[in-house]
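# Fold and contact review
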Amino acid sequence: MRNALGLMLASVLAAVVIAGGWYFYSSRAEQGAPKTIAARAADPLPAPAKLAAEDDVETTAALAGKPAAPAAAPAPVPAVAPVQQTSTCTNPNALGVSRVVEIDTTGGPGFGFEQFKQFDFLADKEVVLTFDDSPWPHNTPAVLKALADECTKGLFFSVGKHATWHPEILRQVLAQGHTVGTHTWSHLNLNGKKMTEQQAKDEIEKGFSAVKWALGTNPSPFFRFPQLQQNPALVSYLGSRNVGIFSTDLDSFDFRKESTPDKIISNVMTKLDKLGKGIILMHDFQKRTGEALPTLLARLKAGGYKVVQIKAKTTFNSLPEYDEAVLKELKAPAAGATNARPVSSVVQTVSQR
């Protein structure tokens, strides 16, 4: 009897211990589980400014007001940290990339039949997806997601100021295998009446240096004029810097005030069905472009169109004086003011578990 009672008490005690342990483990697991956060809607864009040249469209990048940012200047992106590119495609029915072309930008060739007629490199039913004014919060990531879902690639022309405000987003663009060129430092009309040739060159060079800073590596030697406003002197200058110039074959007009996702899709497909191929101009700065892109890519696929990815044979070599000008703008330390010792001589592992 005494033995039986002891066995019963031992069984009850064991059950209590097991139950307590399970409760403790469950509560810890619940506390440590990752929390799901609802996606945030895109913030409204700043009010657009008027174009310097006479036109019936709004500017594609209003740079008068800087978006909210931390009080301190962003930390420089280490130039030695390479961007790891990701290219895994899990969509077996994706639009994808049908062809990759490499461009030798020696002498500054121009592309896009709206302004350049010499190089017709696209076959029938081929398109190039291009995006201006990157990077921008919420809007650029929305474009990147749409492209990633269809395992396809684009050519991005970054505004220098935007790049310094949001370098982490521009690095995502490069990391996902897209090509990054530039679109000046502050999106000024380089062909404006009050713009001197030196000021225009400063806008071009400083834009390249800013994008280089943001990426932590040299961008591609590709450039697009804001508002497609160019002049022979600047075309010649870009040629001397071995920069390829991109115009367009068809404009989505996604920057117009009256534009909607449906109008963007209609604009592109109507023009494309007429031309049969082309370099498409869009703006990842615009919220509605990201909203239109999933359906537009589906329409391209349904219409038998194929995407051509653009790459450069070489990268762009920025000028040191403009690299320093960007650092001064950011109030970041110049290269000579930082400690040049290798990491291994500064930080060493003395114990590891």
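Residues numbered from 1 in each chain as written. Predicted model: local features only at pLDDT ≥ 70, side-chain atom pairs only at ≥ 80, totals over all residues. Heavy atoms only, no water.

Within the protein one finds 10 helices and 10 strands. Burial statistics for the protein: of 353 residues in total, 44% are counted as buried. A total accessible area of about 19,300 Å² is found for the protein, and carbon and sulfur atoms account for 56% of it. (Helix = DSSP H or I, 4+ residues; strand = E, 2+ residues; numbered from the N terminus. Buried < 20%, exposed > 50% of the residue type's maximum accessible area, 1.4 Å probe, protein only. Areas by Shrake-Rupley, 256 points an atom, 1.4 Å probe, with all protein chains shown as cover.)

Interhelical geometry of helix H5 (residues 197–215) versus helix H6 (residues 232–240) gives an angle of 45° and a closest axis separation of 11 Å. Classified by the angle between their axes, H5 and H6 sit oblique to one another. For H5 against H6, the interelement crossing comes out right-handed. Contact with H5, carried on its side by Glu-197, Ala-200, Lys-201, Ile-204 and Glu-205, involves Ala-233, Leu-234, Tyr-237 and Leu-238 of H6 and no other residues of that element. Within the contact of H5 with H6, the residues separate by chemical class into six nonpolar, no polar and three charged. (Axes fitted to C-alpha atoms, helices over the stretch in contact; angles between N-to-C directions. Parallel < 35°, antiparallel > 145°, perpendicular 65-115°, else oblique. Left-handed = near helix turned anticlockwise from the far one by under 90°. Contact = heavy atoms within 4.5 Å. Nonpolar A, V, L, I, M, F, W, Y, C, P; charged D, E, K, R; others polar.)

Another aspect to go through is the pairing of strand E4 (residues 155–158). The side chains of a regular strand alternate, first on one face of the sheet and then on the other. Where burial is concerned, the two faces of E4 agree: the one with Leu-155 and Phe-157 and the one with Phe-156 and Ser-158 are both buried. Of the strand pairs in this sheet, strand E3 (residues 126–134) and E4 are connected by four bridges, and their pairing is parallel. Looking across to E4, one finds that Phe-131 is bridged to Phe-156. Sheet analysis places E4 next to strand E5 (residues 179–182), joined by four bridges and oriented parallel. Bridging from a neighbouring strand, Leu-155 pairs with Thr-179 of E5. (Pairing = 2+ DSSP bridges.)

Here we come to the packing of H5 against helix H9 (residues 320–330). Axis separation between H5 and H9 bottoms out at 8 Å; the angle between their running directions is 75°. The angle between H5 and H9 places the two elements in the roughly perpendicular class. In contact with Gln-198, Asp-202, Glu-205, Lys-206, Ser-209, Ala-210, Lys-212 and Trp-213 of H5, H9 contributes Tyr-322, Asp-323, Ala-325, Val-326, Leu-327, Glu-329 and Leu-330.

In a soluble, globular protein the nonpolar side chains are often hidden away together inside. Counting 38 residues, the largest nonpolar core has Leu-129 and Leu-293 as its most contacted members. Elements with a contribution of two residues or more to this core: E3, helix H2 (139–149), helix H4 (167–175), H5, helix H7 (261–275), strand E9 (278–283), helix H8 (287–302) and H9. Look past the residues within four positions of Leu-293 in its chain and what remains in contact with it is Phe-131, Val-143, Ala-146, Leu-147 and Met-282. (Core = buried A, V, L, I, M, F, W, Y, C linked by side-chain atoms within 4.5 Å.)

It should be kept in mind that the predicted coordinates are not to be read in detail where pLDDT is low. Counting all residues, the mean pLDDT for the protein is 80, and 69% of those residues have values of 70 or more. Long-range and interchain partners of residues 1–5, a stretch whose pLDDT sits below 50, account for zero contacts in this model, where long-range means more than four residues apart. Residue range residues 67–83 is modelled with pLDDT below 50. Its contacts to residues more than four positions away, or to other chains, number 23 contacts. (pLDDT = per-residue confidence, 0-100.)

What follows is about the environment of Asp-254. Among the secondary structure elements, Asp-254 is positioned in the loop between strand E8 (250–251) and H7. Since its relative accessible area comes to 0%, Asp-254 is described here as buried. As a C-alpha pair, Asp-254 and Val-268 span 14 residues in sequence and 9.8 Å in three-dimensional space. Apart from residues lying up to four places away in sequence, Asp-254 is in contact with Ser-259, Ile-264, Met-282, His-283, Gln-286, Arg-288 and Thr-289.

Now for the side chain of Thr-184. As for its position among the elements, Thr-184 is in the loop between E5 and H5. For Thr-184, a relative accessible area of 0% gives the class buried. Of note is the side chain of Thr-184, whose polar atom sits 2.9 Å from the backbone nitrogen of His-187. Excluding its chain neighbours within four sequence positions, the residues that come into contact with Thr-184 are Ser-158, Val-159, Gly-160, Leu-190, Glu-203, Gly-207, Phe-223 and Pro-226. (Polar contact = N/O pair within 3.5 Å; in protein donor to acceptor, adjacent residues only side chain to side chain.)

The subject of this paragraph is the packing of aromatic side chains. Counted by the stated rule, this structure contains 12 aromatic pairs. Centroid distance Phe-223 to Phe-225: 5.1 Å. Interplanar angle 85°. Geometry classified as edge-to-face. Residues Phe-223 and Phe-225 agree in their burial class; the two are buried. Members of the aromatic cluster, each reached through a chain of ring pairs, are Phe-111, Phe-119, Phe-121, Phe-157, Phe-222 and Phe-246. The ring centre of Tyr-305 lies 4.2 Å from the NZ or CZ of Lys-125, which sits over that ring. The ring of Phe-253 carries Arg-256 above its face, with NZ or CZ at 4.1 Å from the centroid. (Phe/Tyr/Trp six-rings, centres within 6.5 Å; stacked < 30°, edge-to-face > 60°. Lys NZ or Arg CZ within 6 Å of the ring centre and 35° of its normal.)

In the structure shown here, the tally under the stated rule is 10 salt bridges. Glu-205 is the partner of Arg-241 in a salt bridge, and the nearest nitrogen-oxygen pair spans 2.7 Å. With a gap of 36 residues between them, Arg-241 in the loop between H6 and strand E7 (244–246) and Glu-205 in helix H5 connect regions that are remote in the sequence. (Salt bridge = Lys/Arg side-chain N within 4 Å of Asp/Glu carboxyl O.)

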